[in-house]
Amino acid sequence: IRRPLACAPLRTFTQRVGRCLKARAPPTQRARPAPPRPRPRWGTQCARFEGGRAGRARSGQASGFPFFSLSSGLIGFGCSASAGCRISNCAKHLPFWSLKYVIMAKFRRRTCIILSLFILFIFSLMMGLKMLRPNKSAFGDPFGLDLLPELHQRTPHLAKIFHSQKSDKINSDTNIKNLKSVEMTIKPSKASDPYLELPPLNYYLHVFYYSWYGNPQFDGKYIHWNHPVLKHWDPRISKNYPQGKHNPPDDIGSSFYPELGSYSSRDPSVIETHMKQMYSASIGVLVLSWYPPNTSDENGENTDDLVAFHIEPYSSRDDQNMYKNVKYIIDRYGNHPAFYRHKTKSGNALPMFYVYDSYITKPEKWASLLTTSGSHSIRNSPYDGLFIALLVESKHRYDILQGGFDGIYTYFATNGFTYGSSYENWATLKFFCDQFNLMFIPSVGPGYIDTSIRPWNAQNTRNRVNGKYYETALSAALQTHPSVISITSFNEWHEGTQIEKAVPKRTSHTVYLDYRPHKPSLYLELTRKWSEKYNKARAIYALDHQLPVS
């Protein structure tokens, strides 16, 4: 048996022939095989590494030694069949500089695999975000999808004109006729007016509006933007939180920052901008926070510039002064073309009053004002109206019924905060209202955060989730077939329930929240989207429930 000549150096032609002849000789004539020679060390015989093509052929490809190409950076092993050399045998003796190239090749292959998997993960993530986007959204693609041109879709232009439903024509005509009688101060050309392309206003969609803000330019000082940090009723808890007031314009009593800055509610340009924003959202009715003349909330100033029908819990509110205040509102503003009147099932068009914290006053007091047999009854008089009570707890249902109210609303934009603001209870409340011929008005909101003025109330914060929280509330409200939907709020900045435009802002002490990755108009656009859905849905169930059409 021939001994393998692994890693043996080349012999001359004569030496090869002589060995071959010896191998063919009879066994008796063969020379006794020499003892096995020790394996040569790397760097002596196996390490013959010469430059050029000839050197590679002699020392690598012909005898089983490693060879490499500087141009490609690749490593290979050449083994001759006669030598029977194995790669593993030679690899054991590779020097450090040769092993480095082997490791780098493996590293490059592993890096390519990891990079491919990472790109696949990013692609899957962006496709998932695309699937989560609300249908027919008007605020652009989710963040990151615009990085892929083939996936980027242009947002369809909101140029569709939706014709009002026949069931909504009667009350809409009444309000439109009133609005037409008001002289328009700004009349842009039809070609440049973006509001001509929007759907008609929805007079069953109400939004709570606050006119209590002020700044030095119009009011001589900041009002409400410098809201104090409220103390907890438990002194042991209150001492753990900061005290004092906010310092506008950079430090305001809100977790968001308005696009208009720390504005004044008396500024005509601000009012005009707000009206345009609400018009773009297809909101038909503005419910203004209102205090009687010469009164205000504890953090504001008395004002009577704007009519409001969200009657706040002013001091000593009872049936008698309520009658006087309702009479004052109707006498002063009842003939104004923008004075909202809601058409009832009986065909009467009555003004609507939301009564905040109505449960503070005893039901007997309300009954004397709101029932036909009451001592200060307002019923069947020129000052009659629709009075909507705030429902907080379940037991308030029967107090509202006893007090003679015409309906209930839930106000709070915090799902689970009260019985009335919990979406899961809205079906039960709607059933109760249908039994006793009451209006059910659920209140929806985009979120809630009031830690800028109540730092101890973080447990009631509701994250906006880029509009998902708002759409969930609107969907839950539509499922109950409500009489009206109210939105909390347009500009209650202290409690973070606003749908008004907000912008990013950072100061040395505060980083304000915002609506990114979407536009500042995100919640106005979502409101318009759901206003259209509500219009269509109400046109169907209003006929079945014999609801008033407007």
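Residues numbered from 1 in each chain as written. Predicted model: local features only at pLDDT ≥ 70, side-chain atom pairs only at ≥ 80, totals over all residues. Heavy atoms only, no water.

Asker: I'd like to hear about the nonpolar core, residue by residue, with values.
Answerer: Counting 92 residues, the largest nonpolar core has Met322, Tyr354, Tyr409, Val444 and Ile499 as its most contacted members. Setting aside its immediate chain neighbours within four residues, Tyr409 contacts Phe208, His310, Tyr354, Val355, Tyr356, Ile388, Ala389, Leu390, Leu391, Ile441 and Ser443. (Core = buried A, V, L, I, M, F, W, Y, C linked by side-chain atoms within 4.5 Å. Buried < 20%, exposed > 50% of the residue type's maximum accessible area, 1.4 Å probe, protein only. Contact = heavy atoms within 4.5 Å.)

Asker: Explain the side chain of Asp406 to me, and be specific about the residues and the numbers.
Answerer: If you trace the backbone, Asp406 turns up in the loop between helix 11 (396-403) and strand 9 (407-409). Beyond its immediate stretch of four places on either side in the chain, Asp406 contacts Arg379, Gly385, Leu386, Phe387, Ile388, Leu438 and Met439. (Helix = DSSP H or I, 4+ residues; strand = E, 2+ residues; numbered from the N terminus.)

Asker: Please give an account of unusual backbone geometry that cites residues and values.
Answerer: Here the amide bond leading from Pro248 into Pro249 is cis, since omega sits at 10°, within 30 degrees of zero. Even without glycine at this site, Asn466 takes up a positive phi of about 55°. Its location among the elements puts Asn466 in the loop between strand 11 (443-444) and helix 13 (468-479).

Asker: Got a sec to walk through the pairing of strand 3 (residues 202-209)? Specific residues and values, please.
Answerer: For a regular strand, side chains alternate in direction, first toward one face of the sheet and then toward the other. Most of strand 3 sits inside the fold, with eight of its eight residues counted as buried. The pairing of strand 3 with strand 4 (residues 283-290) spans five bridges and is classified as parallel. Across the sheet, the residue bridging to Phe208 is Val287, located in strand 4. Relative to strand 12 (residues 485-487), strand 3 runs parallel, the two being bridged by three bridges. What sits directly across from Val207, in strand 12, is Ile487. (Pairing = 2+ DSSP bridges.)

Asker: Residues and numbers for the environment of His481, please.
Answerer: If you trace the backbone, His481 turns up in the loop between helix 13 and strand 12. Residue classification places His481 among the partly exposed residues on the basis of a relative accessible area of 32%. For the pair His481 and Lys430, spaced 51 residues apart in sequence, the C-alpha separation works out to 8.3 Å.

Asker: Give me the packing of aromatic side chains: which residues, what numbers.
Answerer: Per the counting criterion, the structure on display carries 28 aromatic pairs. A ring pair is formed by Tyr213 and Trp225, whose centres lie 4.3 Å apart and whose planes are at 25°; its orientation type is stacked. You can see Tyr213 sitting in the loop between strand 3 and helix 6 (216-219) and its partner Trp225 sitting in the loop between helix 6 and helix 7 (235-238), a full 12 residues away along the chain. No difference in accessibility class separates Tyr213 from Trp225, as the two residues are buried. (Phe/Tyr/Trp six-rings, centres within 6.5 Å; stacked < 30°, edge-to-face > 60°.)

Asker: Could you give an account of a nonpolar patch on the surface, naming the residues involved and the relevant values?
Answerer: Taken together, the side chains of Leu115, Phe118, Ile119, Phe121, Ile122 and Leu125 define a hydrophobic patch exposed on the protein surface, amounting to about 590 Å² of accessible area. Inspection of the secondary structure assignment puts Ile122 in helix 4 (residues 96-132). Since its relative accessible area comes to 30%, Ile122 is described here as partly exposed. (Patch = residues over 30% accessible without salt bridge, like charges linked within 9 Å, V, L, I, M, F, W, Y side chains within 5 Å. Areas by Shrake-Rupley, 256 points an atom, 1.4 Å probe, with all protein chains shown as cover. Salt bridge = Lys/Arg side-chain N within 4 Å of Asp/Glu carboxyl O.)

Asker: Describe the environment of Tyr515, naming the residues involved and giving the relevant values.
Answerer: Structurally, the position occupied by Tyr515 is in the loop between strand 12 and helix 14 (522-545). On the basis of relative accessible area, Tyr515 is assigned to the buried category, the value being 3%. Tyr515 sits 14 residues away from Lys501 along the chain, and the two C-alpha atoms are 8.6 Å apart. Among all residues touching Tyr515, those that are not within four sequence positions of it are Phe256, Arg464, Gln498, Ile499, Glu500, Lys501, Ala502, Pro520, Leu522 and Tyr523. Within polar-contact distance, the side chain of Tyr515 engages the backbone oxygen of Glu500 at 2.8 Å. (Polar contact = N/O pair within 3.5 Å; in protein donor to acceptor, adjacent residues only side chain to side chain.)

Asker: Tell me about the pattern of salt bridges, residues and numbers included.
Answerer: Applying the stated criterion across every chain, the model contains 14 salt bridges. Ionic pairing is found between Asp434 and Lys430, a salt bridge with its closest N-O pair at 2.9 Å. You can see Asp434 and its partner Lys430 sitting in helix 12 (residues 426-435), four residues apart, about one turn around the helix. Across the pair Glu525 and Lys519 runs a salt bridge, and its minimum N-O distance is 3.2 Å.

Asker: Could you give me a rundown of the packing of helix 11 against helix 12, with the residues and numbers involved?
Answerer: The N-to-C vectors of helix 11 and helix 12 enclose an angle of 25°; their axes lie 12 Å apart at closest approach. As far as their axial angle goes, helix 12 and helix 11 are roughly parallel. Crossing of helix 11 over helix 12 shows right-handed handedness. Residues Arg397, Tyr398 and Leu401 of helix 11 pack against Thr428, Leu429 and Phe432 of helix 12. Classifying every residue of the contact of helix 11 with helix 12 gives four nonpolar, one polar and one charged. (Axes fitted to C-alpha atoms, helices over the stretch in contact; angles between N-to-C directions. Parallel < 35°, antiparallel > 145°, perpendicular 65-115°, else oblique. Left-handed = near helix turned anticlockwise from the far one by under 90°. Nonpolar A, V, L, I, M, F, W, Y, C, P; charged D, E, K, R; others polar.)

Asker: I'd like a rundown of the pairing of strand 7 (residues 349-355), residues and numbers included.
Answerer: A large share of strand 7 lies buried, amounting to six of its seven residues. Here strand 5 (residues 310-311) pairs with strand 7 via two bridges, running parallel. Note on strand 7: the bridge partner recorded for Ile311 is Val355. Where strand 6 (residues 341-343) meets strand 7, three bridges bridge the pair, whose relative direction is antiparallel. Bridged to Arg341 within strand 7 is Pro351. Taken together, strand 6 and the strand that follows it, strand 7, pair antiparallel across an intervening segment of five residues, in which Gly347 is found at a positive phi of about 100°. Relative to strand 8 (residues 386-390), strand 7 runs parallel, the two sharing four bridges.

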